[in-house]
Amino acid sequence: MKRPENPDLHKPMDLTVDGREAYKVIVNYLEKHEMTDTGGCKAFYSPTTWKERGESYGDGSVLIVVHDGGDLAYLFNLVHDCVSYREIKQELDKAGFYPESMTCWATAIYKNEL
């Protein structure tokens, strides 16, 4: 998979295999639907980098998604309750992952352990 042109969508270098897979699912959805505006914020963090920032949520996740505006808000901010939110949940579920909202601006992606 090629890297997204928007540098705010770049994949964190220190993701696990599961984190890279979840990232791929999300970015493929974004590119397919031409939803690559991040609102100017870095969209993806590894759980390690997230914890180093001093953030208190997201333990045990494989990927952190920041969606403080832009197109990603339609995928992960529950306020929008739109088709994109339901579709990305289905795509993540098919790949063995699920999103969990941490705040109105960030979501943790977890591996489905069932």
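The notes below deal with the structure included here. (Residues numbered from 1 in each chain as written. Predicted model: local features only at pLDDT ≥ 70, side-chain atom pairs only at ≥ 80, totals over all residues. Heavy atoms only, no water.)

**Some details on the nonpolar core**
The biggest cluster of nonpolar side chains holds 22 residues, and the ones touching the most others in it are Ile-26, Phe-44, Leu-63 and Ile-109. Within the residue set of this core, elements represented by two or more residues are helix H1 (17-32), strand S2 (63-66), helix H3 (72-76) and helix H4 (83-94). A per-element tally of this core places H1 first, with 7 residues. Non-local contacts of Phe-44, meaning those with residues more than four positions away in its chain, are made with Asp-8, Leu-9, His-10, Pro-12, Tyr-23, Ile-26, Val-27, Leu-30, Leu-63, Ile-64, Val-65 and Leu-72. (Core = buried A, V, L, I, M, F, W, Y, C linked by side-chain atoms within 4.5 Å. Buried < 20%, exposed > 50% of the residue type's maximum accessible area, 1.4 Å probe, protein only. Helix = DSSP H or I, 4+ residues; strand = E, 2+ residues; numbered from the N terminus. Contact = heavy atoms within 4.5 Å.)

**Observations regarding the pairing of S2**
Here S2 shows a buried face lined by Leu-63 and Val-65 and a second buried face lined by Ile-64 and Val-66. As defined by bridge partners, strand S1 (residues 44-45) adjoins S2 across 2 bridges and the pair is classed as antiparallel. Paired with Tyr-45 across the two strands is Ile-64, which belongs to S2. Here S2 pairs with strand S4 (residues 106-111) via 4 bridges, running antiparallel. Bridge assignment links Val-65 to a residue of S4, and that residue is Thr-107. (Pairing = 2+ DSSP bridges.)

**A word on the pairing of strand S3 (residues 97-101)**
Of the strand pairs in this sheet, S3 and S4 are connected by 5 bridges, and their pairing is antiparallel. Each residue of the ladder has a partner; that of Phe-97, found in S4, is Lys-111. Remark: 4 residues form the turn of the hairpin made by S3 and S4, two consecutive strands paired antiparallel.

**Some points on H4**
Compared with an ideal rise of 1.5 Å per residue, which puts 12 residues at 16 Å, H4 spans 17 Å between its outermost C-alpha atoms and is within 8% of the ideal. Burial in H4 covers these residues: Ser-84, Tyr-85, Ile-88 and Leu-92. Viewed end-on, H4 has its buried residues packed into an arc of 100 degrees, placing them on one side of the element. Facing away from the buried side of H4 by more than 90 degrees, the exposed set consists of Gln-90 and Lys-94. (Expected span 1.5 Å × (residues − 1). Arc of directions from axis to C-beta.)

**A closer look at unusual backbone geometry**
Even without a glycine there, the phi angle at Glu-34 is positive, about 50 degrees. In this fold, Glu-34 is placed in the loop between H1 and S1. The class for Glu-34 is exposed, based on a relative accessible area of 72%.

**Re the sheet that holds S3**
Strand order in the open sheet formed by 4 strands is S1-S2-S4-S3, and the pairing between neighbours is antiparallel. Two strands close off the open sheet at either side, each with one partner strand: S1 and S3. Sheet strands touched by H1: S1, S2, S3 and S4. Its angle to S2, the strand with the most contacts, is close to 30 degrees. (Axes fitted to C-alpha atoms, helices over the stretch in contact; angles between N-to-C directions.)

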